[in-house]
Each structure stands twice: as structure tokens, then as C-alpha cells.
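# A closer look at the structure
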Amino acid sequence: MKIAVLPGDGIGTEIVAEAIKVLEVLDLPFEMETALVGGAAYEAHGHPLPESTLKLAKEADAILFGAVGDWKYDKLERALRPEQAILGLRKHLGLFANFRPAICYEQLVGASSLKPELIAGLDILIIRELTGDIYFGQPRGRRTAVDGHFPGAEEAFDTMRYSRPEIERIAHVAFQAARKRSKRVTSVDKANVLETFQFWKDVVTEVGKEYPDVALDHMYVDNAAMQLVRAPKKFDVVVTGNMFGDILSDEAAMLTGSIGMLPSASLNSKNQGLYEPSHGSAPDIAGKGLANPLATILSAAMMLRFSLNQPEAAARIEKAVKAVLSQGLRTPDIYSEGTAKVGTMQMGDAVVRAIG
Ligand code: IPM
Ligand code: MG
């Protein structure tokens, strides 16, 4: 089995290094190969997703990804910006199913900006469709308006669209995931305004009929954003489109105390997967040893479970993460009084030790 390791930019290299330490101590039979991606690849090869990196990713059983992006690339044309690397990998590998679990560890209840009683015991799973919607819809671009409020003015536009098979397959993923949990799915849409999301709601409802044992409800995205901070524990599996999922998963991250704790998995229909922390490259703290490596370490655990068929090794990592939190070790993002502040490497070392 082969893992493509793509650390990327900013804190990406630091946090991926810690995840690799953890994977190595498990002594499992796979090889790892590292390649440049994002701004780092642009500097070296003139493109954020060079052919060689894409080839390595396609051939691997799983991809461990750090993060991409830096403000210094904001002025580049869109096709060369670091973000295109992750969007390109999602598209070229068909990674349509994005799992973003938001679990509030009991040790971190105090680290969230929400009241402890709202989030203690929180365990929700956001399933975000990842290769469709307004992110990839064509046409898009800039032009001169021919109608609208200001005909003749310069305008920009994107296309929101979903086809029936795209909605069906992500709905199946959600219902099947719900069967392994508490058998509840909330589908988030904007059917009151958008044609695309009325269709989404209709198709999810149809697919839901094949899962009579799973309770399905529907919620408008604005309400879902509100309910997520009002009563987050009412949710179990949340399934939604690419754009709403992007926004709601960042919101859900804060329920867990820090986005530095949130892993993610993006799978295609062959169970090939890309595993990355839900957070970004945080260039402001890059190279300072301040970043929390736990989201990446937990992403490595998801990789072992979903793509490499090593559920026991995955469980060992997850147990070790809980152990270091119980020891009171905290990177700055999850630090609170009475705990011990540690850096990126110390946190990784502690997880390695806890695996034993
Ligand atoms: C995410 C990120 C990406 C997205 C960016 C980096 C393109 O925000 O994975 O949530 O918008 O999907
Ligand atoms: Mg995002």
C-alpha cells in the first residue's frame, strides 16, 4: 500500500511531519512518498498541482494532505493559486464524499466559545458533497451585463448546479453513515430560494425511501447555521452541498474547541481517499512550532480506517490523542488555565509516546 504525502504550505509541513512520526511508530506495511503541492509546488515547478504530484496522488491508495495557501499568492491568476491544488485533486480523483466529524473531547469542553453544556458530548458528522455545486459549475467568469439591475456594467457570475446522480450518491453515503450511528440524517438546503436545492431536497427525499430505518429531516442552511450554535447536539449526520458544507463545517469546528482538532476524509467511489485537517495553512503562525498537529494526526487515523483497512491502528491513534489531552497537554489554540502549553513537536512526540 502506498501513501502519497503532500504537506503543502504554511503549517502544513510541520503538522504532517508529526502525523508521519505517529504513522511510523505503528510500523505498518506501507510506503510513503512525499511531493510538493500548493504554493510550494508553484515556487518549484510553476504550478500548484504539477503533473508529477497528481500522478503520485492518483497511484496512491491514500493521500495525506497538509494545507495549502498563503496571502502572498492572492494576486496570482486563479489557475495558479495554491487552492487550485486541493480543488484539482478533488476533481481529478473524483473525491466527492467529504466526511468532517465534529467531536468535542470532554477534556476540551472549556476551550470552545460556547457554553460547556451545549457542547459536552457533541459528536456530529458533516458530510459535504465535494466535487459539484457552485464550486465547479460552468460557465463562470466575468462579462458585461446584458440585463439585471445595471445593464452594460461589468459583472461576475458562477453556476450552481447538481445532477441527479451527484445528489443520489452523496445521499447514499449519508444514509449509510447514519446506519452506523444514530440513524438520523439532516439534509441542509436552500430549497425556499434555489432551484438547485429544491432538486437536492427532492432527490435526497427519494433516496431516503430506500432507508426506512433512517429518519430524514430537512433544514434551510440559514436555520442550520443558527441551530448549530443554539443546540448542536440535536444534529447527528448532516448532509449538504459543497458550498454550504464548506461554511457549516468551519462553524461546526468551533463547537469542538478549535479547528485545530478537526480531521477530514474525502473519498471517491473506489474508497481511495485524501485525508487532511479541516483547517488551513495559517501562514501567520507557520514555522513557529505553534500549530496543533492533532487534526492531521486524527486525519491519519481516518486514513487507516477508511482507505488502508487498519481499523485497529486507527483506534490506537485516537486513543493516544485522548490520552495526551487527559495528560493536560495543549497547543496554544486549545490552551486554558491549569493545562500545560506545548508546541507542535512536543504534541506529536506525546502522541507517539502514548501509542507506546
Ligand atoms: C476547505 C477549504 C477549501 C474549500 C479551500 C482551501 C479551497 O476551505 O477544504 O474547506 O473551500 O473547500
Ligand atoms: Mg473551508
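Check the entry above for the structure.
Residues numbered from 1 in each chain as written. Chains lettered and ligands numbered in written order. Predicted model: local features only at pLDDT ≥ 70, side-chain atom pairs only at ≥ 80, totals over all residues. Heavy atoms only, no water.

### What to know about the environment of Tyr73
Structurally, Tyr73 can be placed in the loop between β3 (62-67) and α4 (83-93). A distance of 2.6 Å separates polar atoms of two side chains, one belonging to Tyr73 and the other to Glu43. (Helix = DSSP H or I, 4+ residues; strand = E, 2+ residues; numbered from the N terminus. Polar contact = N/O pair within 3.5 Å; in protein donor to acceptor, adjacent residues only side chain to side chain.)

### So, the nonpolar core
Counting residues in each nonpolar core, the largest one holds 87 residues, and the members touching the most others are Leu64, Phe99, Ile127, Leu304 and Ile317. Leaving out residues up to four positions away in the same chain, Leu64 has contacts with Ile3, Ala4, Val5, Leu6, Val16, Ala19, Leu23, Tyr275, Thr296, Ala300 and Met303. Membership of the second largest hydrophobic core comes to 18 residues, among which are Ala57, Ile63, Val68 and Leu93. (Core = buried A, V, L, I, M, F, W, Y, C linked by side-chain atoms within 4.5 Å. Buried < 20%, exposed > 50% of the residue type's maximum accessible area, 1.4 Å probe, protein only. Contact = heavy atoms within 4.5 Å.)

### Side note on unusual backbone geometry
For the bond from Gln138 to Pro139, the omega torsion is 0 degrees, close enough to zero to count as cis. With respect to the helices, strands and loops of the structure, Pro139 is situated in the loop between β5 (123-129) and β6 (141-144). At Asp133, a residue that is not glycine, the phi angle is positive and equals roughly 70 degrees. With respect to the helices and strands, the residue Asp133 is situated in the loop between β5 and β6. Phi is positive for Asn309, close to 55 degrees, though the residue is something other than glycine. In this structure, Asn309 sits in the loop between α10 (294-306) and α11 (311-326).

### Things to note about the layout of surface pockets
The computed volume of the largest pocket comes to approximately 1000 Å³. Glu83, Gln84, Ile86, Leu87 and Tyr135 are the residues nearest the centre of the largest pocket, which is lined by 38 residues in total. For the lining of the largest pocket, the secondary-structure elements that each account for two or more residues are α3 (51-59), β3, α4, α9 (242-255) and β12 (273-277). The element best represented in the lining of the largest pocket is α4, accounting for eight residues. Looking at the lining of the largest pocket residue by residue, the class counts come to 14 nonpolar, 11 polar and 13 charged. (1 Å grid on protein atoms, 1.4 Å probe; cavity = no way out; pocket = protein on both sides within 12 Å on 5 of 7 lines; lining within 4 Å. Points joined across faces, edges and corners; volume = space filled by probe spheres on them. Nonpolar A, V, L, I, M, F, W, Y, C, P; charged D, E, K, R; others polar.)

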